[in-house]
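Below are the chains, spelled out letter by letter.
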Protein chains: 2
Amino acid sequence: MPLMVVGSVALDSVYTPFGETADALGGSAVYFSVAASLLSKVKVVGVIGGDYPTAELDRLAPRGIDWSGVERAEGESFRWKGKYSYDLQSRETLETRLGVFATFRPKLPPEWRATKYLFLGNIDPELQLAVLEQVQQPRLVVCDTMNYWIQGKRPELLKLLERVDILLVNDGEARELSGNWNIHKAGRWILDHGPKRVVIKQGEYGALLVEPDRTFYAPAFPLEEVFDPTGAGDAFAGGFMGYLARVDSVAPEQLRRAMIYGAAMGSFAVQGFGIRGFENVDYDTIQRRVKAFVDLTHVPSAEPLP
Amino acid sequence: MPLMVVGSVALDSVYTPFGETADALGGSAVYFSVAASLLSKVKVVGVIGGDYPTAELDRLAPRGIDWSGVERAEGESFRWKGKYSYDLQSRETLETRLGVFATFRPKLPPEWRATKYLFLGNIDPELQLAVLEQVQQPRLVVCDTMNYWIQGKRPELLKLLERVDILLVNDGEARELSGNWNIHKAGRWILDHGPKRVVIKQGEYGALLVEPDRTFYAPAFPLEEVFDPTGAGDAFAGGFMGYLARVDSVAPEQLRRAMIYGAAMGSFAVQGFGIRGFENVDYDTIQRRVKAFVDLTHVPSAEPLP
């Protein structure tokens, strides 16, 4: 079933205590697509400048990513430079250069308007809405956002929320958006503002799927080595939606399984710099990781207390 | 099967954004016992001063807590005064008065030396060792500790670790003890220093059971209201050991179930000030909470990908 993402296609320069990258493939749409394409075909809407290493994108083509919705504009590609703290718990943005992204107006190829599964990556809520309006009767719309838009474009974001099925954010964003410190209250607040469900990512602690009447907790994978957290959230989203597009269902039990596929993709992402964590990840690797995730929280059937 | 705990029996004065208590029943042995006694009989070794409201202890007697190992000494009971931050994420100790605890030398009633399940609450590792030496062939020894002892009595603590089956600590303590920021590396380090398993509590994020060849993740309960985190870790320990003593087994599948009982007791503890979170908690309440915990991470059987 067709899956589409709109988001940033960027060149990232990242410093972590374990190494660094310079102008490496990055951006929400790239991380999302690389992860999702392991499960489903993906179409990307975005913009790049004349300086983008398109050969690198082509290299990802065999994975089933359709880049034909990525506009090639005059100017520089979007660039982000960031540095992580020694414990990878926080990061500082050293530089953001919007480049061609500053004037980006997403336009869908006409044949993409029938997309059923749509991910609105973390970009200006007005652009997210503009994309949503070009899609006819999607089955599932999931969106991400960040503090920058929560602070700067709150009315537009709230308008968008009324039209999405699932908001997928991290805990800090859920707290800031809702004004509630307690993460479960924050989730409830979001459910009261449009989305039917909310996925709250908690980094090394896993992720929550908050539904009106119950909550699901997907753990994080017990990794002894984490190299680069960049893109983990987008890879999670890619696994989550890639799975749902593959099974072509949004049934409650499929959403729980999708959380595990999301968590698995997030765990691959952090195991290498940039998108390198996905090198050599194939069907078997994914199935083994998913099985390990399920075992991680498996409680042997609880007999009543003696 | 007999379960015994040695730890502090204290009077706590706690300030949280939601209220305060003054000289309320507290201390590791009290929280542990109240939780454990919902599942198993518990014997307590500790010390109190002449000022301790023993009627309050007696009120807990119907729950099956044997306080006859608590010595009544001349002087003041151990007192702790603490204040939580607005988000309950950190706390500051305002005052610690050791009182009769300063000269406490635990002595087991002779008939308690056959204890099979032993919890060494967070006290001086030398006292923990002194208790351990008075018990004959225990089946399971679990111990807790804290930064104060990790810094001040490291050699004694390492000596103790060689003789315990499970170390039960929070993430900050595991990091400080091992010198590893990564919590899974920290767990591995601890396994290399004696214990066969380590339980790492992560507060609102749940708890890990790290074993030589695998890890289990028990989530935290999605509570929209948390009133007082004091004692949650000891209540977790009480649920964990109370369950194992009840089923009289340390089989791997029982350890996983014990983690869920621990998490359930921790969730009751934080729902009220002091030990009040346990009021009205009975067999049915526990079974419902345990079931809710299991559902929280339940992944519907994952068919292979279509």
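Residues numbered from 1 in each chain as written. Chains lettered and ligands numbered in written order. Predicted model: local features only at pLDDT ≥ 70, side-chain atom pairs only at ≥ 80, totals over all residues.

1. Details of the packing of helix H1 (residues 28-36) of chain B against helix H8 (residues 232-247) of chain B
All names here are of chain B.
Turning to step 1, where the next piece is worked out: The N-to-C vectors of H1 and H8 enclose an angle of 40 degrees; their axes lie 7 Å apart at closest approach. Considering their axes alone, H1 and H8 lie oblique with respect to each other. Our pair here, H1 against H8, has a crossing hand that is right-handed. Packed against H1, whose contacting residues are Ser 28, Tyr 31, Phe 32, Ser 33, Val 34, Ala 35 and Ala 36, the element H8 presents Asp 234, Ala 235, Ala 237, Gly 238, Gly 239, Met 241 and Gly 242 at the interface.
Turning to step 2, where the next piece is worked out: In the contact of H1 with H8, the residues fall into eight nonpolar, five polar and one charged. (Axes fitted to C-alpha atoms, helices over the stretch in contact; angles between N-to-C directions. Helix = DSSP H or I, 4+ residues; strand = E, 2+ residues; numbered from the N terminus. Parallel < 35°, antiparallel > 145°, perpendicular 65-115°, else oblique. Left-handed = near helix turned anticlockwise from the far one by under 90°. Contact = placed C-beta atoms within 7 Å. Nonpolar A, V, L, I, M, F, W, Y, C, P; charged D, E, K, R; others polar.)

2. Comments concerning unusual backbone geometry
Turning to step 1, where the next piece is worked out: At A:Leu88, a position not held by glycine, the phi torsion is positive, near 65 degrees.
Turning to step 2, where the next piece is worked out: Position of A:Leu88 relative to the elements: it lies in the loop between strand S6 (78-84) and strand S7 (91-97).
Turning to step 3, where the next piece is worked out: Accessibility expressed as a C-beta count within 10 Å gives 19 for A:Leu88, which makes it partly exposed.
Turning to step 4, where the next piece is worked out: A positive phi angle, near 50 degrees, is found at B:Asp248, a position not held by glycine.
Turning to step 5, where the next piece is worked out: Examined against the element boundaries, B:Asp248 turns out to sit in the loop between H8 and helix H9 (252-269). (Buried ≥ 20, exposed ≤ 12 C-beta atoms within 10 Å, placed from the backbone.)

3. Some points on the relation of the copies chain B and chain A
The operation relating the pair of chain copies consists of a rotation about an axis and a translation along that axis.
Turning to step 1, where the next piece is worked out: With an axial shift of 0.0 Å and an RMSD of 0.0 Å, the rotation relating chain B to chain A amounts to 180 degrees. Both chain copies can therefore be described as sitting about a two-fold axis. (Least-squares fit on C-alpha atoms with pLDDT ≥ 70 in both.)

4. Some words on the interface of chain B and chain A
Turning to step 1, where the next piece is worked out: Of the residues lining the interface, 30 residues belong to chain B; the matching set on chain A comes to 30 residues.
Turning to step 2, where the next piece is worked out: At the level of secondary structure, the elements contributing two or more residues to the side of chain B that touches chain A comprise helix H7 (183-191), strand S13 (215-218), H8, H9 and helix H10 (283-296) of chain B.
Turning to step 3, where the next piece is worked out: It is H9(B) that provides the largest number of residues to the side of chain B that touches chain A, a total of four residues.
Turning to step 4, where the next piece is worked out: Each residue belonging to the side of chain B that touches chain A can be placed in one class, and the counts come to 17 nonpolar, five polar and eight charged.

5. Some details on helix H9 (residues 252-269) of chain A
Turning to step 1, where the next piece is worked out: Between its first and last C-alpha atoms H9(A) spans 26 Å; for 18 residues at 1.5 Å apiece the expected length is 26 Å, and the two agree.
Turning to step 2, where the next piece is worked out: Burial analysis of H9(A) places 14 of its 18 residues in the buried class, which makes it a mostly covered element. (Expected span 1.5 Å × (residues − 1).)

6. So, the packing of helix H3 (residues 125-132) of chain B against helix H5 (residues 154-161) of chain B
All names here are of chain B.
Turning to step 1, where the next piece is worked out: Interhelical geometry of H3 versus H5 gives an angle of 30 degrees and a closest axis separation of 8 Å. Regarding the angle of H3 to H5, the classification is roughly parallel. Viewed along their axes, H3 and H5 form a crossing whose handedness is left-handed. Of the residues in H5, those touching H3 at Pro 125, Glu 126, Gln 128 and Leu 129 are Glu 156, Leu 157, Lys 159 and Leu 160.
Turning to step 2, where the next piece is worked out: Class assignment of the residues belonging to the contact of H3 with H5 gives a composition of four nonpolar, one polar and three charged.

7. Some words on the sheet that holds strand S8 (residues 117-120) of chain B
In sheet architecture, strand pairing relies on hydrogen bonds along the backbone and comes in two forms, parallel and antiparallel.
All names here are of chain B.
Turning to step 1, where the next piece is worked out: Pairing within the open sheet is mixed, and its nine strands lie in the order S5-S4-S1-S8-S9-S10-S11-S12-S13. At either margin of the open sheet sits one strand with a lone partner, and together these are strand S5 (65-72) and S13. The sheet shows a mean angle of 15 degrees between the axes of neighbouring strands, taken without regard to direction.
Turning to step 2, where the next piece is worked out: Set on the sheet, H9 makes contact with strand S12 (207-210) and S13; between it and S12 the angle comes to about 160 degrees. (Pairing = 2+ DSSP bridges.)

8. As for the pairing of strand S9 (residues 140-143) of chain A
Residues and elements named next belong to chain A.
Turning to step 1, where the next piece is worked out: In S9, alternate side chains face the same way, and those of Leu 140 and Val 142 on one face and Val 141 and Cys 143 on the other are all buried.
Turning to step 2, where the next piece is worked out: Both strand S8 (residues 117-120) and S9 contribute to a ladder of four bridges, which runs parallel. Each bridged residue has a counterpart across the sheet, and for Tyr 117 the counterpart in S9 is Leu 140.
Turning to step 3, where the next piece is worked out: After leaving S8, the chain enters helix H3 (residues 125-132) and then returns to the sheet as S9, a path that is right-handed.
Turning to step 4, where the next piece is worked out: Bridge count for S9 against strand S10 (residues 166-170) is two bridges, and the pairing is parallel. Within the sheet, the bridge partner assigned to Cys 143 lies in S10 and is Leu 167. (Right-handed = clockwise from strand over helix to strand, strands pointing away.)

9. Regarding H1(B)
Turning to step 1, where the next piece is worked out: Of all nine residues making up H1(B), nine are buried, and the element is well covered by its neighbours.
Turning to step 2, where the next piece is worked out: Residues B:Ser28, B:Ala29, B:Val30, B:Tyr31, B:Phe32, B:Ser33, B:Val34, B:Ala35 and B:Ala36 constitute the buried set of H1(B).

10. Examining the pairing of strand S1 (residues 3-6) of chain A
Residue and element names in this part refer to chain A.
Turning to step 1, where the next piece is worked out: Of the two faces of S1, the one lined by Leu 3 and Val 5 and the one lined by Met 4 and Val 6 are each fully buried.
Turning to step 2, where the next piece is worked out: Inspection of the sheet shows S1 paired to S8 by four bridges, in the parallel sense. Bridge assignment links Val 5 to a residue of S8, and that residue is Phe 119.
Turning to step 3, where the next piece is worked out: Across four bridges, S1 lies against strand S4 (residues 42-48) in parallel orientation. Paired with Leu 3 across the strands is Val 42, a residue of S4.

11. What to know about the sheet that holds strand S3 (residues 19-26) of chain B
Residue and element names in this part refer to chain B.
Turning to step 1, where the next piece is worked out: Taking strand neighbours across the sheet as the criterion, the four strands line up as S3-S2-S6-S7 in an open arrangement whose pairing is mixed. At either end of the open sheet lies a strand with only one pairing partner, and these are S3 and strand S7 (91-97). Ignoring strand direction, the axes of neighbouring strands in this sheet form an average angle of 15 degrees.
Turning to step 2, where the next piece is worked out: Bridge count between strand S2 (residues 10-16) and strand S6 (residues 78-84): six bridges; the pairing is parallel. Looking across to S6, one finds that Ala 10 is bridged to Phe 78.

12. Observations concerning the environment of B:Gly239
Turning to step 1, where the next piece is worked out: Locating B:Gly239 in the fold gives a position in helix H8.
Turning to step 2, where the next piece is worked out: Among residues more than four places away in sequence, those in contact with B:Gly239 are B:Ala35, B:Leu39, B:Tyr261, B:Gly262, B:Ala264 and B:Met265.

13. What about the environment of B:Lys185?
Turning to step 1, where the next piece is worked out: Tracing the chain through its elements places B:Lys185 in helix H7.
Turning to step 2, where the next piece is worked out: Judged by the 18 C-beta atoms lying within 10 Å of it, B:Lys185 falls in the partly exposed class.
Turning to step 3, where the next piece is worked out: B:Lys185 sits 101 residues away from B:Ile286 along the chain, and the two C-alpha atoms are 33 Å apart.
Turning to step 4, where the next piece is worked out: Residues in contact with B:Lys185, not counting those within four places in the same chain, are A:Glu224 and B:Asn180.

14. Notes on the confidence of the model for chain A
Turning to step 1, where the next piece is worked out: The predicted model of chain A has a mean per-residue pLDDT of 94, with 99% of residues at 70 or higher.
Turning to step 2, where the next piece is worked out: If you check the scores for this complex, the pTM reads 0.94 and the ipTM reads 0.90. (pLDDT = per-residue confidence, 0-100.)

15. Looking at the environment of B:Ala251
Residue and element names in this part refer to chain B.
Turning to step 1, where the next piece is worked out: Along the chain, Ala 251 falls in the loop between H8 and H9.
Turning to step 2, where the next piece is worked out: The class of Ala 251 is exposed, set by 11 C-beta atoms lying within 10 Å.
Turning to step 3, where the next piece is worked out: Put simply, Ala 251 and Gly 19 are 232 residues apart on the chain and 41 Å apart in space, counted from C-alpha to C-alpha.

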